[in-house]
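# Summary of the model geometry
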Amino acid sequence: MLRLGHQAHLALVGHAYDGLPNEACGLLIGPFGAHAEPTGRISEARPCRNADASAVTYTVDPRDMLAAMRAAKTRGEEIVGVWHSHTHTDPYPSPTDVRQAVDPAWLYVLVSLRDLAPMLRAYRIRDGKIAEVAVVLEHD
Ligand SMILES: [Zn+2]
């Protein structure tokens, strides 16, 4: 389960709109629990630059990745996932997204801006298989 606080949710969706017409991306920071799995609680949804500057693909800027890793470490947390936007398609991982999904522990969050209201979904991607994860929006 992904537990997203109000501030993290706003940061994530806001960054998705700010990135238009390109895909926007960012990293999710939170604690790991037992079995080297994220607990699902997100302490920060950290906006990053899309190094691809593309409307159809994304790559988290390596400098932003490094800064996020450092920020996580200082809090005793980890990067537990990544999010990106789809500007005109479903909030569902594309074949490219699946190929790029290298960390089986991570949460993969998609925000679709296709409709008037943003649609947010979360997934685990393991061995090329996509499994949806429940999302709970919480008050901070
Ligand atoms: Zn995608």
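As a starting point, this report considers the structure included with it.

Rules behind the numbers
- Counting restarts for each chain: residues are numbered from 1 in the order of the written sequence.
- Local features in a predicted model are, by the rule used here, given only for residues with pLDDT of at least 70; side-chain atom pairs are given and counted only at 80 or more, and totals for whole chains, interfaces and linings are based on all residues.
- No hydrogens and no water enter the side-chain calculation; it runs on all heavy atoms of the structure.
- Pairing between strands is defined by DSSP: at least two bridges between the two strands are required.
- Numbered from the N terminus, helices here are DSSP runs of H or I no shorter than four residues, and strands are runs of E no shorter than two.
- The axes are straight lines fitted to the C-alpha atoms, using for helices just the contacting stretch, and the angles between their N-to-C directions are given from 0 to 180°.
- By definition, residues are in contact when any of their heavy atoms lie within 4.5 Å.
- Here a pair means two rings of Phe, Tyr or Trp (six-membered ring of Trp) with centres within 6.5 Å. Their orientation is stacked below 30 degrees between planes, edge-to-face above 60, and tilted elsewhere.
- Think of it in three bands: with a 1.4 Å probe and only protein chains considered, a residue is buried below 20% of the maximum accessible area for its type, exposed above 50%, and partly exposed in between.
- Working rule for helices: expected span equals 1.5 Å times residues minus one.
- This arc is built from the directions going out from the helix axis to the C-beta atoms.
- Each metal's donors are the N, O and S atoms within 2.8 Å of it, or within 3.2 Å when it is Na, K or Ca, and because water is not part of the set, sites may look incomplete.
- Site shape is set this way: if four donors have all angles between 85 and 135 degrees, tetrahedral; if opposite donors are over 155 degrees apart and all others between 65 and 115, square planar for four donors and octahedral for six; otherwise irregular.

### A short note on the sheet that holds strand β4 (residues 78–86)
Ordered in space as β3-β2-β4-β5-β6-β7, the six strands form an open sheet in which the pairing is mixed. For this open sheet the edge positions go to β3 (44–48) and β7 (129–133), each flanked by a neighbour on one side alone. The average undirected angle you get between the axes of adjacent strands in this sheet is 30°. Pairing of β4 with strand β5 (residues 107–112), which is carried by six bridges, proceeds in the parallel orientation. Bridging from a neighbouring strand, W83 pairs with V109 of β5. Helix α1 (residues 6–18) rests against β2 (25–30), β3, β4, β5 and β6 (119–126) of the sheet, and its axis sits at about 20° to β3. Sitting on the sheet, helix α2 (residues 62–74) touches β2, β3 and β4, and the angle it makes with β4 is about 140°.

### Section: the packing of aromatic side chains
How two aromatic rings sit relative to each other is given by the distance of their centres and the angle of their planes. Summed over the entire model, instances satisfying the criterion amount to two aromatic pairs. Where W106 meets Y108, the ring centres are 6.3 Å apart and the plane angle is 50°; that geometry is what we call tilted. By relative accessible area, which is 7% here, Y108 ends up buried.

### Side note on α1
For α1, spanning 13 residues, the distance from its first C-alpha to its last is 18 Å, which sits close to the expected 18 Å at 1.5 Å a residue. For α1, the set of buried residues is A8, L12, V13, H15 and A16. One face of α1 carries all of its buried residues, which in axial projection span an arc of 155°. Exposed residues pointing more than 90 degrees away from the buried face of α1 are listed as Q7 and D18. Where α1 is buried, its residues touch β1 (2–5), β2, β3, β4, β5 and β6.

### With respect to the coordination of the zinc ion
In this structure, H84 (NE2), H86 (NE2), D97 (OD) and D97 (OD) serve as the protein donors to the zinc ion, at separations of 2.0 to 2.6 Å. Metal-centred angles of 54 to 157° between the four donor atoms at the zinc ion mark the site as irregular. As a motif over one chain, the donors of the zinc ion read H-x1-H-x10-D. Linking H84 in strand β4 with D97 in helix α3 (residues 95–100), this pair joins segments that are 13 residues apart in sequence. Residue D97 is classed as buried on the basis of its relative accessible area of 8%.

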